[in-house]
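Report on the structure
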Amino acid sequence: MRFGIIVFPGSNCDRDCQYVIEQVIGCGGLSGFTFGEPPMPPHPALGRAEPDPRAPAVMPIWHKEEKLPDVDILILPGGFSYGDYLRTGAIAAYSPIMKAVIEHARAGGVVLGICNGFQILTESGLLPGALLRNKRLKFICKSVWVRVENSKSILTSNFTNGEVISMPIAHAEGNYYIEPAGLQNLIENNQIIFRYCNLHGTLTESANPNGSLDNIAGICNKAGNVFGMMPHPERTGDVWAQPAAPLQHTVDGIRMFLSLLQNPSSFRFSLETA
Amino acid sequence: MGHTKNCDVSDKGSTPHPQQVAGATCHAKVVPPSSRLLSDDEYKKILDLLGREPNSVELAMFSVMWSEHCSYKSSRVHLKRFPTVGERVIFGPGENAGVVDIGNGLVAAFKIESHNHPSFIEPYQGAATGVGGIIRDIFTMGARPIALLNALRFGPLQNPKNRYLMEQVVAGIAGYGNCVGVPTVGGDISFNETYTKNPLVNAFCLGIARREDIVKGAASGIGNPVIYVGSKTGRDGIHGATMASTGLEHSKESRPAVQVGDPFTEKLLLEACLELIGTGCVVGMQDMGAAGLTCATSEMADRGAVGIKIDLAKVPLRESGMTPEEILISESQERMLIVVKKGMEKEAEAVFLKWDLDFSIIGTVTDDGCVTVTNGDIEVARVPADVLTSKAPVYERPLAAPQFQEILTSFSYDSIPLPSSGSYSASLLTLLSSPNLASKEWVYQQFDYMVQTNTVVGPGIGVAILRIKEFDTLLAFTLEGNSAYSLLNPYYSGANAVAGAALRLICTGAKPIGMTNCLNFGNPERPETMWALALSIEGMSDACKAFAIPVVSGNVSLYNETAGFDIYPTPIVGMVGLIESPTHSLAPVFKSEGEIIILIGETLEEMGGSVYLKEIYSQERGSPPLLRLDREKALQQVILRAIELGLLSSARALSPGGIAIALAKSCIHSKMGAEINMDPRKIRPDAALFSESPSRVLVTVNEEKLYTLKALLDAQDIIYSVLGKTGGVSLTIQVGDKMTVNLPIKEMEAAHQTGLSRYFLGEELPPPAPPEIGGES
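Quantities reported herein were computed from a predicted structural model and do not represent experimental measurements.

The next thing to look at is the overall build of chain B. Check the secondary structure of chain B and you find 26 helices and 28 strands. A globule of 777 residues ought to have a C-alpha radius of gyration of about 28 Å, and chain B, at 27 Å, matches this closely. Principal axes of the C-alpha set define a box for chain B whose edges measure 90 × 55 × 45 Å. Put simply, chain B has 777 residues, and 66% of those count as buried.

With that settled, consider the interface of chain A and chain B. It is common to give the size of an interface as the accessible area lost on bringing the parts into contact. Contacts between the two partners involve 41 residues from chain A, matched on the other side by 46 residues from chain B. Between Lys138 of chain A and Glu167 of chain B there is a salt bridge, and its shortest N-O distance comes to 2.9 Å. Along the contact surface separating chain A from chain B lie 12 residue pairs in polar contact (both at pLDDT 80 or more). At the level of elements, α1 (14-24), β6 (140-148) and β7 (164-171) of chain A are the ones that each hand at least two residues to the side of chain A that touches chain B. Across the side of chain A that touches chain B, the residue classes break down as 21 nonpolar, 10 polar and 10 charged.

Glancing now at helix α13 (residues 345-354) of chain B. Residues and elements named next belong to chain B. Inspection of α13 places Ala348, Val351 and Phe352 among the buried residues, and these make up the whole buried set. Seen end-on, α13 carries its buried residues on one side only, within an arc spanning 95°. Turning to α13, the residues buried within the fold contact β7 (225-230), α10 (263-279), β10 (335-340) and β11 (359-366). One or two residues past the end of α13 sits Asp356, with phi positive at roughly 55°.

What follows covers the packing of helix α19 (residues 490-506) of chain B against helix α20 (residues 527-547) of chain B. Residues and elements named next belong to chain B. Their axes nearest at 7 Å, the elements α19 and α20 cross at an angle of 35°. Here α19 runs over α20; the crossing is right-handed. When α19 is examined against α20, the residues Pro490, Tyr491, Gly494, Ala495, Val498 and Ala499 are found in contact with a partner set consisting of Trp531, Ala532, Leu535, Ser536, Glu538, Gly539, Met540, Asp542, Ala543, Cys544 and Phe547. Class assignment of the residues belonging to the contact of α19 with α20 gives a composition of 12 nonpolar, 3 polar and 2 charged.

Okay, the sheet that holds strand β22 (residues 596-600) of chain B next. All names here are of chain B. If you walk across this open sheet you meet the 7 strands as β23-β25-β22-β26-β24-β27-β28, and the pairing is mixed. Edge strands, defined here as strands with exactly one partner in the open sheet, are β23 (650-653) and β28 (738-744). Averaged over neighbouring strand pairs, the angle between their axes works out to 20° when direction is ignored. Examined bridge by bridge, β22 and strand β26 (residues 720-726) share 5 bridges and lie antiparallel to one another.

Any two side chains of opposite charge can pair, so long as their charged atoms come close to each other. All names here are of chain A. Applying the stated criterion to the full structure yields 42 salt bridges over all chains. Residue Glu149 pairs with Arg147 through a salt bridge whose shortest N-O separation is 2.6 Å. Classification of Glu149 by relative accessible area gives buried; the value is 16%.

Right, let's talk about helix α11 (residues 292-304) of chain B for a bit. Residues and elements named next belong to chain B. If you check α11, its first and last C-alpha atoms are 18 Å apart, about what 13 residues at 1.5 Å a residue would give, namely 18 Å. All buried positions along α11 are accounted for by Gly292, Leu293, Thr294, Cys295, Ala296, Thr297, Ser298, Glu299, Met300 and Ala301. Just beyond α11, the residue with positive phi is Ala305, at close to 55°.

This part takes up the sheet that holds β11 of chain B. All names here are of chain B. If you trace the 7 strands from one edge of the open sheet to the other, you get β8-β10-β7-β11-β9-β12-β13, paired in mixed fashion. Looking along the sheet, the strands with just one partner apiece sit at the ends: β8 (282-287) and β13 (378-384). For this sheet, the mean angle separating the axes of adjacent strands, direction not counted, is 20°. Pairing analysis gives 5 bridges linking β7 to β11, with the strands arranged antiparallel.

Judged by side-chain polarity, Tyr85, Leu86 and Ile91 of chain A come together as a nonpolar surface patch covering roughly 300 Å² of accessible area. Position of Tyr85 of chain A relative to the elements: it lies in the loop between β3 (73-76) and α2 (97-106).

What follows concerns the nonpolar core. Core analysis: the biggest nonpolar cluster contains 146 residues, and Ile75 and Phe194 of chain A together with Met166 and Ile338 of chain B have the highest contact counts within it. Look past the residues within four positions of Ile338 of chain B in its chain and what remains in contact with it is Pro225, Val226, Ile227, Val229, Cys273, Leu276, Val282, Gly284, Met285 and Phe352 of chain B.

Let's shift gears to the pairing of strand β3 (residues 106-114) of chain B. Residues and elements named next belong to chain B. A large share of β3 lies buried, amounting to 8 of its 9 residues. In sequence, strand β2 (residues 98-103) turns back onto β3 through a hairpin of 2 residues, with Asn104 there showing a positive phi of about 55°. Here 9 bridges tie β3 to strand β6 (residues 200-210), and the two strands are oriented antiparallel to one another. Each residue of the ladder has a partner; that of Val107, found in β6, is Ala209.

All names here are of chain B. With respect to the helices, strands and loops of the structure, Ser298 is situated in helix α11. For Ser298, a relative accessible area of 0% corresponds to the buried category. The spacing of Ser298 and Thr455 is 157 residues in sequence and 38 Å in space, taken between C-alpha atoms. Residues within four places of Ser298 in sequence aside, it is in contact with Met65, Val371, Ala385, Leu388 and Thr389. Within the local environment of Ser298, its side chain forms a polar contact with the backbone oxygen of Thr294, the two atoms lying 2.7 Å apart.

Another aspect to go through is the environment of Ile597 of chain B. By secondary structure assignment, the location of Ile597 of chain B is in strand β22. Sequence spacing of Ile597 of chain B and Ala674 of chain B is 77 residues, and the spatial spacing of their C-alpha atoms is 8.4 Å.

The next point concerns the confidence of the model for chain A. All names here are of chain A. Per-residue confidence for chain A averages 84 on the pLDDT scale, and 81% of its residues sit at or above 70. In this model, residues 27-54 is a region of pLDDT below 50 whose contacts with residues beyond four sequence positions or in other chains number 62 contacts. Under a pLDDT of 50 for its full length, residues 243-247 has, in the predicted model, 12 contacts with residues more than four places off or in other chains.

About the thresholds
Residues numbered from 1 in each chain as written. Chains lettered and ligands numbered in written order. Predicted model: local features only at pLDDT ≥ 70, side-chain atom pairs only at ≥ 80, totals over all residues. Heavy atoms only, no water. Helix = DSSP H or I, 4+ residues; strand = E, 2+ residues; numbered from the N terminus. Rg over C-alpha atoms; globule rule 2.2 N^0.38 Å. Buried < 20%, exposed > 50% of the residue type's maximum accessible area, 1.4 Å probe, protein only. Contact = heavy atoms within 4.5 Å. Salt bridge = Lys/Arg side-chain N within 4 Å of Asp/Glu carboxyl O. Polar contact = N/O pair within 3.5 Å; in protein donor to acceptor, adjacent residues only side chain to side chain. Nonpolar A, V, L, I, M, F, W, Y, C, P; charged D, E, K, R; others polar. Arc of directions from axis to C-beta. Axes fitted to C-alpha atoms, helices over the stretch in contact; angles between N-to-C directions. Left-handed = near helix turned anticlockwise from the far one by under 90°. Pairing = 2+ DSSP bridges. Expected span 1.5 Å × (residues − 1). Patch = residues over 30% accessible without salt bridge, like charges linked within 9 Å, V, L, I, M, F, W, Y side chains within 5 Å. Areas by Shrake-Rupley, 256 points an atom, 1.4 Å probe, with all protein chains shown as cover. Core = buried A, V, L, I, M, F, W, Y, C linked by side-chain atoms within 4.5 Å. pLDDT = per-residue confidence, 0-100.

This is how it looks when you write it as structure tokens:
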């Protein structure tokens, strides 16, 4: 399995995603974490080996590239691409690499947009709807509860329907909006993946941190291969990096990456030949 | 040739009197009171050092470089007191940031810096650029910034202007730090009337590098190219350094002197600079902060004992018609000056092109020790670098204790009547909900404190803990400063700040390895201000020496005054600790029910400057707690030992609010109650609950380990008392045979949670509670 992480100018969760995939769910110690250097290329020893869920390779892909390397899953990480200037995600949607990302998605390849990545996906038309300014107009960073609404997706196959999981959010524009007909489509096609809820799984207004329509925290496209979510699964990747520690430890994010790894249809080629 | 004092320069204009300089050299609207730019004596010193009259461009350079902000001319003699060496210290003060060894071939670079004046004038941009500046100070050293903290001081929140300032400052810090992708993991916020017209914004940053990747801010290698990279230069921030060296009476006119931040460019600059260092072509690097290009060129030249020659015609400009003076002293943000190895310009160019950054080779390293400035072919300034920097004037200003000092400290606690036993619960709730002690969640929720996924313990409990990926070590950080103590006794305030920070780190299992400080004081031309500054430094130094904690960096912010009134002296200590084995780290949170709660240390009737007196009786008087360095040191050692032996389940250093607040916070953070029975001995029950005696730690211990812990404490002659047990859903405190506090955790949590946020969430504000004073029967 090969992951590509698109690095836009201003992306700042690219290394966090890389760390989780390489060091936490990967073999460990593949390329070593480096200080003061740009994201590492994948370890040469990995090559294009037979897809092996236990040994994922990660490639940072600079946004000025026009072609994708040989990857199965693309991640658009969080951050402030282009400083959030104009509108969050609006300029990044026109980065040179985005044409290839759109082609990858159209061909059935998996794309996961996290936070700013979700914003870029809605701006580029790969996902419906838009992410507006939070209802209280301020940046919010905290752990929230979300309910898994569709555990049949390749991102959530490790969970059960209605399961309540914890992940952090960190954004100022996460207030999901879509017009009524669009919302109807999302519901009918089972495209809503996560909703903000309270600890007991109830969808309440106070559990909705940013004012998202219908408490929506994450969605996928109709074909089920492009995902966007505001919570950061990579931040619940390993127990050490839990800000709320020592009270709250979760590894729910890991389970999401493992779902992708364990799912045969995550592989681009198996999709194409299917 | 080497250093030469007599840099010959053709004087292009007349030589104005210093009083005229400001008008002659700057845009008229941005000029702060010109009288403070350079004194007559300083002008004479320039004549003496140069051996000639300076021209107008040179005079502009002197006016910024010899400002208090850049030259530290009033504080330098006192700063020498700080211990600055230690076995882990790689660079002490003098570089862009201090650098200490953290093991495994890694080093940490850190510093704290003020941005007070800009934050009052334009709070969002002022605070944002403060964050930007401190981040640049860290990656300038070749270190990747991994943590930001901030110390903020505002006037009371009942005043809408103060709410506005706070809201904007917090938004500015969030807007900048979040975007650059450096987590803001902690801080220290408090409120006092003294900051209404002069809020404080101090930003701390720490970065990590491989030891061999550290870069100095020194130029070297004659003929090496000098590269400018980053944002274009504009007229923003002209005379920012001089503005920061005056009072705030003319704040509105100073608005254009505040810089405007662009965190996106900062992020690109950060990545580009670290990538550039990886190519091996960097000789020296310095950011252009206060005093801009003038400061960067003169400091880099002086540190490297070389000269630098630059051509202003090659500087990327944002607007047309800028004069040489304006280009030289502009404080436009997100700009770096980099000396690279000759012949490696192409490597540098490739990196800057990749990150879409403006850059230009603007000069070369020379051998004459001078900063030489040309505008095309015309030489406009030539000044020996050391004359601008290390030879700047140093003052030994007169010191005198304020006249009111004796009245303030002569206060007797006996004048406060003993409260009725029924009032303690209400007092505790009042303190918990006072903005000084209330939860700061409303603030830190606006900061991304998790990005980079190193945050083990984030904001909210006074100490932040970060992991170092791939290694089994953790770093702990804390900021500390108590201005009420400083007002009453600067020496003990300084000492207490160091001890308090150290003890808080130690309670997590961390060994303090280095310190930085930001000294926020008033007008140094007043002997009372200098008295407080000198004593405060003395107190901090004595504590640092006693605990062997080196001071590796710092910043002094003077002229924190408005309309002739100084702020309370406010030294802020930033301390870094190392946890070498994570299995020995603790959080100040009760672990399980039924554990024994012990107070280690002694409680005296030390109520001077306490939050109890301030919040309940509106008094800021008395003598602050007197720290005994030997006792504090013994306590620190025994706590570390107990943690290493695995004897403790939790440890919390006592801070303002005393035992009662410490217990309440532990209950709130762990959602677990406690049942306490205190022996009042010889002190008043209100002092037993709220006294702020230093050198005290509240620990919890499993009953099985109690014997070993007691033996350890007894062997070291440490005073301790068993207070009670954890468990239940309430905090109950019995003093002697009287039940003084009986509060459900939920009630305390609600008070603590809403104490600050209620001022910002549009809810109706409660009237201030009248003091409840009753005679004890």
